[in-house]
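Descriptive analysis of the structure
Each chain is listed here by its residues.
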Amino acid sequence: MQNEKRDIRALSKDQLRDFFVTNGDKAFRGNQVYEWLWSKGAHSFDDMTNLSKETRSMLESNFVINHIKVDLMQRSSDGTVKNAVRLHDGLVVESVLIPTPTRTTACVSSQVGCSLDCNFCATARLKRMRNLEPGEIYDQVLAIDRESRLYYNHPLSNIVFMGMGEPLMNYNNVIKAIEMITSDEGLGMSPKRITVSTSGIPKMIRKMADDEVKFKLAVSLHSAIDEVRAEIMPFSKNFPLIELRDSLIYWYQKTKSKITYEYVVWKGINDNKEAVEALVKFCKYVPCKVNLIEYNPIDDGIFQQASEQAVQDYIVALSKIDVVAKVRNSRGKDIDAACGQLANKEA
């Protein structure tokens, strides 16, 4: 529809100021609206109580606020909270609050469904329907920050882009969302508390380095052997490990920021000596740490968690080259909120 109203959050502060001047009002009204939209997270123009009814009506005539709505909130026995988030067009994504004794982390989505085809991930079985807008990403964080304050009595500590979707396939919107999350006019969160996790798209990793981003980078690796990785993550045939390696070296040269490798050890797939040695070699290229993630089955039995001994073999081998490897036990499994389980079962 040609006369469809524009989401007001697509406008910069300067564009909002210009809008008011063009409509015979003062430029500072744009500042007020901008604060309501981002710092205060207003869901409607009627929330903007320091604006006159006439001004709110004018905004209503010209714009919409495509805010999210938490359709369903589930709380796990371990304290994890999962939100089924309904978007303005009826589509649903999921985001998760993960608490520990010292902090709360938001795991947020960047796409509806996913562009990629990782065989072990439930989200990958959903076709990618669209990218999320910056405001929709921001809203997920805002909702979890409120839940963190309500249930755990402190603001959100960290954010990981490890929910639904491949963040680097929605690069511009993810970057805009992070700019608002870290802005003093938004949530004012330090970029060092934000991690963007990618399945490994070399061209975009280089772009992030060139853009001098300040957040942290995690790579979903799972194997340092091309043939094995291609079986697990078929799309990676287009991005050989040598290209990924070179982009990570470039990233570190530009940012001096250590990389985290996310790595699941599966029975009969990457629980052997060759796989361990390949990862050890890969970890020598760039300063890094490794998160060995507990696998969460998605019902078909093809992928199974490896033995504790197999995981221990990785830890011992990596410690010999001074790479810290930690086992990350999954949270929220009883509500399908753990890594790889986000699949809109309740939608």
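Higher on the page you've got the structure.
Only a predicted model underlies this, so the values are computations on that prediction, with no experimental measurement involved.

Quick notes on the pairing of strand 9 (residues 158-161)
Burial along strand 9 is two-sided: Asn158 and Val160 facing one way and Ile159 and Phe161 facing the other are all buried. Note: strand 9 against strand 10 (residues 194-198), 3 bridges, orientation parallel. Counted as the bridge partner of Ile159 is Ile194 from strand 10. Crossover strand 9 to strand 10 through helix 5 (residues 171-182) is right-handed.

Observations concerning helix 3 (residues 53-62)
Here helix 3 has its buried residues at Thr55, Arg56, Met58 and Leu59. The arc enclosing the buried residues of helix 3, seen along the axis, measures out at 160°, which places them on a common side. What points out from helix 3, more than 90 degrees from its buried face, is the exposed set Lys53, Glu54 and Ser61.

Some details on a positive patch on the surface
A surface patch of like charges, here positive, comprises Arg103, Lys192, Arg193, Lys214, Lys216, Lys258, Lys289, Lys326 and Arg328. Here Lys216 is to be found in strand 11 (residues 216-220). Classification of Lys216 by relative accessible area gives partly exposed; the value is 39%.

With respect to the environment of Asn131
Position of Asn131 relative to the elements: it lies in strand 8 (residues 130-131). Residue contacts for Asn131: discarding those within four places in its chain leaves Ser110, Gln111, Glu136, Met169, Asn170 and Asn173. Within the structure, the side chain of Asn131 is placed 3.0 Å from the side chain of Gln111, a separation counted as a polar contact. Within the local environment of Asn131, its side chain forms a polar contact with the side chain of Asn170, the two groups lying 3.5 Å apart.

A look at helix 1 (residues 13-22)
Where helix 1 is concerned, the buried positions are Leu16, Phe19 and Phe20. All buried residues of helix 1 lie within an arc of 95° about the axis, which places them on one face of the element. Residues of helix 1 that are exposed and angled more than 90 degrees away from the buried face: Asp14 and Thr22. On its buried face, helix 1 is in contact with helix 2 (28-38), helix 3 and strand 2 (63-64). Positive backbone phi, approximately 75°, marks Gly24, located one or two places after helix 1.

Focus on the pattern of salt bridges
Between side chains of opposite charge, a pair can form when the charged atoms approach closely. A full pass over the atoms with the stated rule returns 13 salt bridges. Where Asp211 meets Lys207, a salt bridge forms, and the shortest distance between an N and an O atom there is 3.3 Å. For Asp211, a relative accessible area of 39% corresponds to the partly exposed category. For Arg245, the salt bridge goes to Asp246, with nearest N and O atoms at 3.0 Å. Connected through shared salt-bridge partners, Lys69, Asp71 and Arg86 make up one network.

Cut-offs applied
- Residues numbered from 1 in each chain as written.
- Predicted model: local features only at pLDDT ≥ 70, side-chain atom pairs only at ≥ 80, totals over all residues.
- Heavy atoms only, no water.
- Buried < 20%, exposed > 50% of the residue type's maximum accessible area, 1.4 Å probe, protein only.
- Helix = DSSP H or I, 4+ residues; strand = E, 2+ residues; numbered from the N terminus.
- Pairing = 2+ DSSP bridges.
- Right-handed = clockwise from strand over helix to strand, strands pointing away.
- Arc of directions from axis to C-beta.
- Patch = residues over 30% accessible without salt bridge, like charges linked within 9 Å, V, L, I, M, F, W, Y side chains within 5 Å.
- Areas by Shrake-Rupley, 256 points an atom, 1.4 Å probe, with all protein chains shown as cover.
- Salt bridge = Lys/Arg side-chain N within 4 Å of Asp/Glu carboxyl O.
- Lys, Arg positive; Asp, Glu negative; His and termini not counted.
- Charge placed at Lys NZ, Arg CZ, Asp CG, Glu CD.
- Contact = heavy atoms within 4.5 Å.
- Polar contact = N/O pair within 3.5 Å; in protein donor to acceptor, adjacent residues only side chain to side chain.

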